[in-house]
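Residue-level structure breakdown
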Amino acid sequence: MTPRTRPKNLLLAVLTKRTDREALVQAEIDWPDSRGLLERLATALRARHAADDILYARIATITAGGLAAHRAARKAQVPDRERFAAFVQGIANGLDPSEQPLLVESMTAAQRRILSARLGAAPSESAFPPETTDA
């Protein structure tokens, strides 16, 4: 499959198990735009990885990591913001160091603010790209 024939929604291409799709729906219910974050990150990874096998492996890894962390946080009954922080950390754990900036760029301004407020030791807001929208 060449870059021109790749499916538009890369996330759906790797979410082959029903339980994974259901877990993503639950993450979206708990924290709206969780799916959007993964989709934006998948699109950013598409630009970085020309080989389909590498691209799909990267997307599968980050998706599995984020969903597993979210499930564990739900099971532990942690509060909402901590579940979202766990979800994002699970994604981050699956990224190579060179891909880490893509995660920050893929988050909305609202998501960055929530994580900055939640993780007091996180980089300051000035470390993030300027806000354009809270979509």
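Note on numbering: residues in each chain are counted from 1, in written sequence order. This being a predicted model, a pLDDT of at least 70 is required before a residue's local features are given, and a value of 80 or more before pairs of side-chain atoms are given or counted; all residues contribute to the totals for chains, interfaces and linings. By convention in this description, side-chain values take in all heavy atoms of the structure and omit both hydrogens and water.

Quick notes on the overall build of the protein chain
Along the protein chain, the regular secondary structure elements total seven helices and zero strands. Strands here are runs of E lasting at least two residues and helices are runs of H or I lasting at least four, both read from the DSSP assignment and numbered beginning at the N terminus. Scanning the protein chain from its N terminus toward the C terminus, one meets helices and strands in the order α-α-α-α-α-α-α. Per-residue and other accessible areas follow the Shrake-Rupley method at a 1.4 Å probe size, with only the shown protein chains counted as cover for residues. Of the accessible surface of the protein chain, which amounts to about 7500 Å², a share of 57% is contributed by carbon and sulfur atoms.

A short note on the packing of aromatic side chains
Each aromatic ring pair is characterised by the separation of its centres together with the angle its planes make. For Phe, Tyr and Trp, rings pair up if their centres lie within 6.5 Å, where Trp contributes its six-membered ring, and each pair is then called stacked (planes under 30 degrees apart), edge-to-face (over 60) or tilted (otherwise). Enumeration over the complete set of coordinates arrives at two aromatic pairs. Consider the rings of Trp31 and Phe84, whose centres lie 5.0 Å apart with planes at 25 degrees: the pair is stacked. Pair noted here: Trp31 is in the loop between helix H2 (18–30) and helix H3 (34–48) and Phe84 is in helix H5 (residues 80–93), with a separation of 53 residues, a long-range link. Of the residues examined, Phe84 reaches a relative accessible area of 1% and is grouped as buried. Three or more aromatic residues link up through ring pairs in this structure, and these residues are Trp31, Phe84 and Phe87. Any residue under 20% of the maximum accessible area for its type is buried, any over 50% is exposed, and the rest in between are partly exposed; the area is computed with a 1.4 Å probe on protein chains only.

So, the side chain of His49
Relative to the elements of secondary structure, His49 occurs in the loop between H3 and helix H4 (52–75). A relative accessible area of 14% places His49 in the buried class. Nitrogen and oxygen atoms within 3.5 Å of one another constitute a polar contact, given that in protein one can donate a hydrogen and the other can accept it, and given that sequence-neighbouring residues count only through two side-chain atoms. Within the structure, His49 has its side chain in polar contact with the side chain of Glu99 (distance 2.7 Å).

Observations concerning the environment of Thr61
Tracing the sequence through the fold places Thr61 in helix H4. In sequence terms Thr61 and Ile91 are 30 residues apart; their C-alpha atoms lie 8.0 Å from each other.

Description of unusual backbone geometry
A positive phi is found at Asp33, a non-glycine position, where the angle reads about 80 degrees. Within the fold, Asp33 resides in the loop between H2 and H3. Even without glycine at this site, Gln77 takes up a positive phi of about 60 degrees. By the element assignment, Gln77 lies in the loop between H4 and H5.

What about the nonpolar core?
Joining through side-chain atoms within 4.5 Å is the link that ties buried Ala, Val, Leu, Ile, Met, Phe, Trp, Tyr and Cys residues into a set, and such a set is a nonpolar core. In this structure, Phe87 and Ile91 are the most contacted members of the largest nonpolar core, which totals 30 residues. Element by element, the count of residues in this core is highest for H5, at six residues. Discounting residues that sit within four places of it in the chain, Phe87 has contacts with Ala27, Ser34, Leu37, Leu38, Gly66, Leu67, Ala69 and His70. Contact between two residues is taken to exist if any of their heavy atoms lie within 4.5 Å; hydrogens are not considered.

Structural notes on the environment of Leu24
Within the element layout of this structure, Leu24 appears in helix H2. For Leu24, a relative accessible area of 2% translates into the label buried. Distance from Leu24 to Gly66, taken between C-alpha atoms, is 9.2 Å for residues 42 residues apart in sequence. Discounting residues that sit within four places of it in the chain, Leu24 has contacts with Leu11, Leu15, Arg35, Leu38 and Leu67.

Spatial relationships are all this shows, so hold off on functional conclusions.
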